[in-house]
Each structure stands twice: as structure tokens, then as C-alpha cells.
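# Close look at the chain arrangement
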Amino acid sequence: MQLELIRNATLKINYGDHVLLIDPYFAPRHSLPSFTGRSPNPMTELPGSIDHILQGVELVIVSHLHTDHFDTVAKERVPKALPLLCQPGDESSIRESEFTDVTPLLEATVWQGITITPRQGSHGLGPVVEKMGHVIGFTLEAAGEPTVYWAGDTVLYPPVTDTIGQVSPDIIITHSCGARWDGDLIVMDAEQTVAVSRLAPQAIVVATHMEALDHATITRQDLRQAADAAGIDPSRLLIPADGETLHLSR
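Residues numbered from 1 in each chain as written. Predicted model: local features only at pLDDT ≥ 70, side-chain atom pairs only at ≥ 80, totals over all residues. Heavy atoms only, no water.

### A short note on the pairing of strand β1 (residues 2-7)
Among the 6 residues that make up β1, 5 are buried, leaving the element largely enclosed by the rest of the structure. Here β1 runs beside strand β2 (residues 10-15); their pairing, made up of 5 bridges, is antiparallel. Its bridge partner lying in β2, arginine 7 is registered against threonine 10. (Buried < 20%, exposed > 50% of the residue type's maximum accessible area, 1.4 Å probe, protein only. Helix = DSSP H or I, 4+ residues; strand = E, 2+ residues; numbered from the N terminus. Pairing = 2+ DSSP bridges.)

What follows is the structure, encoded as C-alpha cells:
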């Protein structure tokens, strides 16, 4: 498989001879409000043109409707007729933006030979979850391809641990910037990402969702230093730059 980190959570994945776009966030740098007062968002530009990013895309997956996962620009620029999978409950809102082929991911779904299965996530723990709302992750499986677990906007909690144990993924994609809301952790930080690497010694962990938003608390360098201190081999925890493409196998 080929995985290109666009920016934040936005990924372009070539998997099973098809091209998937995950959580498109196309806003220009500094065009959206700050979350913390530190900087307008996003804090970085896209690494390439939107036309280039959309080239070849056959399926879009939207995990939830926070603006850093599906923003106004993406709603305008993503072709309306592309098949789009979303978490249950978001389909009506997405259809209101004139998308015509929207399917809630209620259960394991086979698309073009790829099995896409929704997985539980929690955008924090405790009262902050009510503010953040529901989110999902998912797994990808296809003949001849590595099994991928895209954890999404979640902290490390028992259902994530259970998914890793049950699925034994080859690739785990985490959101690892340590973002906080009202002081509460709402995605994984360095400590939790290292813990994922230890939970899945057979897997390659790909840490994304970093250095794009002003409520993040962990940089790529912070994560690498924490992983090195924990004895995690750099080949097992990959921290791609925006625009970087990884070639991954089983």
C-alpha cells in the first residue's frame, strides 16, 4: 500500500489498487479561528494543490464533522458524486452539502474488494466527550494488502486496545499530537502512542495529525524523543512529514 500524509488527519491511500481520501481538510493556512489563542488554524499550508490531492480519488471516508476533518473548502472541492462513507448520524448533514452517494458505515462494508469495518473511538474521556461528540475509526482489509487500523480522533482506551488484539493489524495509524480541550486530552499523546507501539510489536505505527492545529501539545520531535527514550525502533514508529509518501507492506 501507499500512504501519503497530506496534512493533519488527511490521508491519500492507494490500497487494493484503489485510491482513498480520508478526512479532507483543505482550508488555507491561518484561514480558520484559533482553538487556544496561540495561532489561527490550520498552522501549515497544504503540501500541494487541491487538484493534485484529488487526482485519482475513488472513495472518500469522513470520520466525523469537526472542521479539521471535513471543512468548508473540502465540501466545495470534493466531487459531489464520489462515494463517501461516514459515521452513522452524519449522513444527513453531508447530503445537505449536495453529496449524492453517502453511506453511513454501520457495519463491515465491502467496496471494490476492500473490507472497511467501523471501530470504536473516544474523543477524550469523561465530560469532554459530550463536547467533542461521537467519532469512529476503521480497519481496512484486502487480499495481498497489509491490514490497516486507522484509529482516528481517539485516546488510548480499552476498545482501542481490544481492536489491536482482535485484528492484529500490520499498520496502525494514530493521531498523536496530544491535542487538549479545556485541559483534557482528546487524542493520543506521545505516551499513548508509545504504548500503542508496545501493544502491537508486530505492527508499524504511523503517527499523524501533528503540527497543524494550535491546541496540539506534542510535536513530531517530542514524539520521536519519547519513542527513542522508550526503546521503540524508528522503523516501527513512523512520523511522516506533510506531503510525505510511505510505501508499506505486510
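Picking up where we left off.
### Some words on the environment of isoleucine 116
Locating isoleucine 116 in the fold gives a position in strand β8 (residues 114-120). Taking C-alpha positions, isoleucine 116 is 8.3 Å from leucine 105, a pair spaced 11 residues apart along the chain. Ignoring anything within four residues of it in the chain, the contact list for isoleucine 116 reads Leu59, Ile61, Leu85, Leu105, Glu107, Ala108, Thr109, Trp111, Phe138, Thr139 and Leu140. (Contact = heavy atoms within 4.5 Å.)

### Some details on the sheet that holds strand β7 (residues 109-111)
The mixed open sheet is built from 7 strands, whose spatial order is β7-β8-β9-β10-β11-β14-β15. Only two strands of the sheet have a single neighbouring strand rather than two, namely β7 and β15 (237-238). The pairing of strand β11 (residues 171-175) with strand β14 (residues 204-208) spans 5 bridges and is parallel. Bridged to isoleucine 171 within β14 is isoleucine 204. Contacts from helix α5 (residues 158-167) reach β8, β9 (136-141), β10 (148-152) and β11, with the element oriented near 150° to β8. (Axes fitted to C-alpha atoms, helices over the stretch in contact; angles between N-to-C directions.)

### Here's the deal with the layout of surface pockets
Within this model, the largest pocket holds a volume of roughly 160 Å³. Around the largest pocket sit 13 residues that line it, and Phe35, His66, Asp68, Trp181 and His215 are the ones nearest its centre. When the residues that make up the lining of the largest pocket are grouped by side-chain class, the tally is 6 nonpolar, 5 polar and 2 charged. (1 Å grid on protein atoms, 1.4 Å probe; cavity = no way out; pocket = protein on both sides within 12 Å on 5 of 7 lines; lining within 4 Å. Points joined across faces, edges and corners; volume = space filled by probe spheres on them. Nonpolar A, V, L, I, M, F, W, Y, C, P; charged D, E, K, R; others polar.)

### Some details on the pairing of β10
Burial analysis of β10 places 5 of its 5 residues in the buried class, which makes it a mostly covered element. Covered by surrounding structure in β10 are Val148, Trp150 and Gly152 together with Tyr149 and Ala151, the residues of both alternating faces. Bridge analysis of β9 against β10 gives 3 bridges, and the strand direction is antiparallel. Looking at the pairing, phenylalanine 138 lines up with tryptophan 150 of β10. Two successive antiparallel strands, β9 and β10, enclose a turn made up of 6 residues, where glycine 144 displays a positive phi of approximately 80°. As paired elements, β10 and β11 share 4 bridges and run parallel to each other. Note that in β11 the partner of tyrosine 149 across the bridge is isoleucine 172. With respect to chirality, the unit in which β10 leads through α5 into the neighbouring parallel β11 is right-handed. (Right-handed = clockwise from strand over helix to strand, strands pointing away.)

### Re the packing of helix α6 (residues 190-199) against helix α7 (residues 220-229)
At their nearest, the axes of α6 and α7 sit 9 Å apart, and the two run at 50° to each other. The orientation of α6 with respect to α7, classified from their angle, is oblique. α6 and α7 meet at a crossing whose hand is right-handed. Residue-level contacts link Ala190, Thr193 and Val194 of α6 to Leu223, Ala226 and Ala227 of α7. Along the lines of polarity and charge, the residues of the contact of α6 with α7 split into 5 nonpolar, 1 polar and no charged. (Parallel < 35°, antiparallel > 145°, perpendicular 65-115°, else oblique. Left-handed = near helix turned anticlockwise from the far one by under 90°.)

### Describing the nonpolar core
Val160, Ile164, Ile172, Val196, Met210, Leu223 and Leu237 are the most contacted members of the largest nonpolar core, which totals 29 residues. No other element matches α6, which puts 3 residues into this core. With near-sequence residues (within four places) excluded, leucine 223 lies in contact with Ser176, Ala190, Thr193, Ala207, Met210, Ile218, Leu237 and Ile239. Within the second largest apolar cluster, 27 residues are counted, among which are Ile13, Tyr15, Leu85 and Ile173. (Core = buried A, V, L, I, M, F, W, Y, C linked by side-chain atoms within 4.5 Å.)

### Quick look at the packing of aromatic side chains
Tallying each qualifying case throughout the model produces 3 aromatic pairs. Between phenylalanine 70 and phenylalanine 99, the ring centres sit 5.8 Å apart and the planes meet at 50°, which makes this aromatic pair tilted. Here the residue phenylalanine 70 occupies a position in the loop between β4 (59-62) and α2 (72-77), and phenylalanine 99 occupies one in the loop between α3 (91-96) and β6 (102-104), the gap between them amounting to 29 residues. You can call phenylalanine 70 buried: its relative accessible area is 1%. Both rings, one in phenylalanine 138 and one in tryptophan 150, keep their centres 4.9 Å apart while their planes meet at 15°; by these two values the pair is stacked. Within this pair, whereas phenylalanine 138 is found in strand β9, its partner tryptophan 150 is found in strand β10, the two being separated by 12 residues in sequence. Each member of the pair phenylalanine 138 and tryptophan 150 is classed as buried. We note arginine 7 situated over the ring of tyrosine 25; from NZ or CZ to the ring centre the distance is 4.7 Å. A cation over an aromatic ring shows up here: lysine 80 above the ring of phenylalanine 99, its NZ or CZ 4.4 Å from the ring centre. (Phe/Tyr/Trp six-rings, centres within 6.5 Å; stacked < 30°, edge-to-face > 60°. Lys NZ or Arg CZ within 6 Å of the ring centre and 35° of its normal.)

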